[in-house]
Amino acid sequence: MRPNLPSLDSYWMPFTANRQFKKAPRLFVGAQGMRYTTDDGRTVLDGTAGLWCVNAGHGRRQIAEAVERQLMTLDYAPSFQMGHTIAFEFAERLAKIAPGPDGHKLDRVFFTGSGSESVDTALKIAIAYQRAVGQGTRTRLIGRERGYHGVGFGGISVGGLVNNRRVFPQLPGTDHLRHTFDPVRNGFVKGQPEHGAELADDLERLVALHGAETIAACIVEPVAGSTGVLPPPKGYLERLRGICDKHGILLIFDEVITGFGRLGSPFATDHFGVVPDLVTTAKGLTNGVLPMGAVFASRKVHDALMHGPEGAIELFHGYTYSGHPAACAAGIATLDIYESEGLFARPAEIQAEWDEAIHSLKGLPHVTDIRTIGLIAGIELAPRDGAVGARAYDVFVDCFEKGLLIRTTGDIIALSPPLVIERGQIGEIVEVLGRVIAAAA
Ligand SMILES: Cc1ncc(COP(=O)(O)O)c(C=O)c1O
């Protein structure tokens, strides 16, 4: 064990092989700009924006100062039958850039504490909406294979990653579309793949199976992230929207990853020009600085619930930390930075360099597919016989030792650097990763 380390015994780490990790820990003690510092004094280039969240880069003084000011002015106040001004101010700021075209923005904002909470909130809003419009038989929720919607019971029920589901019971009344990965027709694609729009017709199949009158909502990630980066085939999201409209099903985009500039637009909704009824966000909302999520709802959904006696609570849902003042302060300062530095446009500016650099890894040993969209990349490696995930894990550890943070899921490497990345740092990512993949057994 390295000197000056605290005992590692008590902290039960999330999504981590605890026993393996604690024998050879990877520990960060600082971060600035595009780089972390480790406890043994090395720097590590952040190829993943933390966990897809630090879009404006690390150590932003403006955010830290806004949080400090807020904490010394009003640290906490309840949000149930009470309010504080900064939550309204933040919601108003978000409404201005909300997903959707002008005049049809999803500009009603419900605050949560995380992406998982945003997902469960959106699913509950969808069911409550259906009941409010006289469609109370609609309680079924449709997700998609390989989807990731956090770790609440709602999220794992509509999610489609087996490791997150197999040990736990799920909500009754959920079902799943097929995933859109089709490496035979769509290999090594930049942007949206050509083939697979027809996979959206799976929703018609589920309508035929269950009856439209049982289905409240369909939730998908516009670009599936955690499963290993699956951009939507051309026409797929449009088709899904059409089928939802035809059958009175609400469409939810889970934009926890794609929200706040990742694709070169404020939201994937804007990028793809397909407008859902609800959008879930978190992560980049506060630059990852404080935990917070937000659900954006259309006026249609919101207004349908603003009924009944005026003194009646319209939605029996909310969290102690909904609209936490310090998180709101962090969020407003984050939006200021996004705006003043034009960060939502950044991925589009460097798209060509990003695509070209990442796709230059084609041809290296074990690389079976590469997918890029916005400032995201998925690099798929062939699994070792009988040891799925082991090859990518070794690449992850070797990259870390050589000063690069990547993320892996199964045998897929996912990259999603802060939007402030410089062109030279794209080169650095590819140089280190290329070397490590080439040496991987
Ligand atoms: C699409 C999506 N939804 C939900 C979540 C869950 O967010 P959180 O970890 O903040 O609960 C994530 C996290 O990566 C995500 O990628």
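Residues numbered from 1 in each chain as written. Predicted model: local features only at pLDDT ≥ 70, side-chain atom pairs only at ≥ 80, totals over all residues.

## As for the environment of R391
Phase 1: Considering the arrangement of structural elements, one finds R391 in helix α14 (residues 390-401).
Phase 2: By the C-beta count within 10 Å, which is 20 here, R391 ends up buried.
Phase 3: R391 sits 43 residues away from G434 along the chain, and the two C-alpha atoms are 14 Å apart.
Phase 4: In contact with R391, not counting residues within four places along its chain, are H366, L381, P383, R384, D411 and A440. (Helix = DSSP H or I, 4+ residues; strand = E, 2+ residues; numbered from the N terminus. Buried ≥ 20, exposed ≤ 12 C-beta atoms within 10 Å, placed from the backbone. Contact = placed C-beta atoms within 7 Å.)

## Section: helix α3 (residues 61-73)
Phase 1: With 13 residues, α3 should reach 18 Å at 1.5 Å per residue; the first-to-last C-alpha distance of 18 Å fits that figure.
Phase 2: Listed as buried for α3 are I63, A66, V67 and Q70. Mapping the buried residues of α3 onto a view down its axis gives an arc of 100 degrees, with all of them on the same face. With respect to the buried face of α3, the exposed residues turned more than 90 degrees away are R61, E65, E68, R69 and M72.
Phase 3: Looking at the buried side of α3, the elements it contacts are α4 (85-96) and α12 (325-340). (Expected span 1.5 Å × (residues − 1). Arc of directions from axis to C-beta.)

## Brief notes about the site of the ligand
Phase 1: Of all residues adjacent to the ligand, which total 14 residues, the nearest are S114, G115, S116, G150 and V256.
Phase 2: A per-element tally of the shell around the ligand places helix α5 (residues 115-132) first, with three residues.
Phase 3: The residue makeup of the shell around the ligand, split by class, is five nonpolar, seven polar and two charged. (Near = placed C-beta within 6 Å. Nonpolar A, V, L, I, M, F, W, Y, C, P; charged D, E, K, R; others polar.)

## Description of the sheet that holds strand β12 (residues 367-373)
Phase 1: Across the sheet, five strands lie side by side as β7-β12-β13-β16-β15; this open sheet has mixed pairing. Of all the strands in the sheet, the pair left with one neighbour each is β7 (189-190) and β15 (407-409).
Phase 2: Where strand β13 (residues 376-381) lies against strand β16 (residues 412-415), four bridges are found, and the strand directions are antiparallel. Paired with A377 across the two strands is L415, which belongs to β16.
Phase 3: Together, β13, β15 and β16 form the strand contacts of α14, whose direction differs from that of β15 by roughly 170 degrees. (Pairing = 2+ DSSP bridges. Axes fitted to C-alpha atoms, helices over the stretch in contact; angles between N-to-C directions.)

## A closer look at the environment of K22
Phase 1: Here K22 lies in helix α1 (residues 18-23).
Phase 2: Judged by the 15 C-beta atoms lying within 10 Å of it, K22 is partly exposed.
Phase 3: Residues K22 and A304 lie 282 residues apart in sequence; the distance between their C-alpha atoms is 51 Å.

## A word on the domain arrangement of the protein
Phase 1: Segmenting the protein into domains produces domain 1 (18-56 + 343-439) and domain 2 (66-340).
Phase 2: Domain 1 and domain 2 are separated by 26 Å when their C-alpha centres are compared.
Phase 3: Taken residue by residue, the interface counts 32 residues in domain 1 and 29 residues in domain 2.
Phase 4: Elements represented by at least two residues in the side of domain 1 that touches domain 2 include exactly α2 (49-52), α13 (346-359), β12, β13 and β16.
Phase 5: Among the residues making up the side of domain 1 that touches domain 2, the classes are represented as 17 nonpolar, ten polar and five charged. (Domains from an automatic or database assignment.)

## So, unusual backbone geometry
Phase 1: Although it is not a glycine, F15 sits at a positive phi angle of roughly 40 degrees.
Phase 2: Within the fold, F15 resides in the segment before α1.
Phase 3: Even without glycine at this site, A49 takes up a positive phi of about 50 degrees.
Phase 4: Inspection of the secondary structure assignment puts A49 in helix α2.
Phase 5: A49 sits in the buried class, given 29 other C-beta atoms within 10 Å.

## Structural notes on the environment of H247
Phase 1: Relative to the elements of secondary structure, H247 occurs in helix α9 (residues 236-247).
Phase 2: A tally of 17 C-beta atoms within 10 Å means that H247 is categorised as partly exposed.
Phase 3: Sequence separation between H247 and V207 is 40 residues; the distance between their C-alpha atoms is 8.1 Å.
Phase 4: In this structure, H247 is in contact with V207, A212 and I215, ignoring residues within four places of it in sequence.

## Focus on the pairing of strand β8 (residues 215-220)
Successive side chains on a regular strand alternate, one facing one side of the sheet and the next facing the other.
Phase 1: Across the six residues that make up β8, a large majority, six, are buried.
Phase 2: One ladder, built from three bridges, connects strand β5 (residues 140-144) with β8; its direction is parallel. Looking across to β8, one finds that I142 is bridged to C218.
Phase 3: Relative to strand β9 (residues 250-254), β8 is paired through four bridges, and the arrangement is parallel. For V220, the partnering residue across the bridge sits in β9 and is F253.

## Details of the packing of α14 against helix α15 (residues 423-439)
Phase 1: For the pair α14 and α15, interaxial distance at closest approach is 9 Å and the crossing angle is 130 degrees. The angle between α14 and α15 places the two elements in the oblique class. Seen from above, α14 lies across α15 with right-handed handedness. Of the residues in α15, those in contact with V395, D398 and C399 of α14 are V432, L433, V436 and I437.
Phase 2: Residue classes in the contact of α14 with α15 are distributed as six nonpolar, no polar and one charged. (Parallel < 35°, antiparallel > 145°, perpendicular 65-115°, else oblique. Left-handed = near helix turned anticlockwise from the far one by under 90°.)

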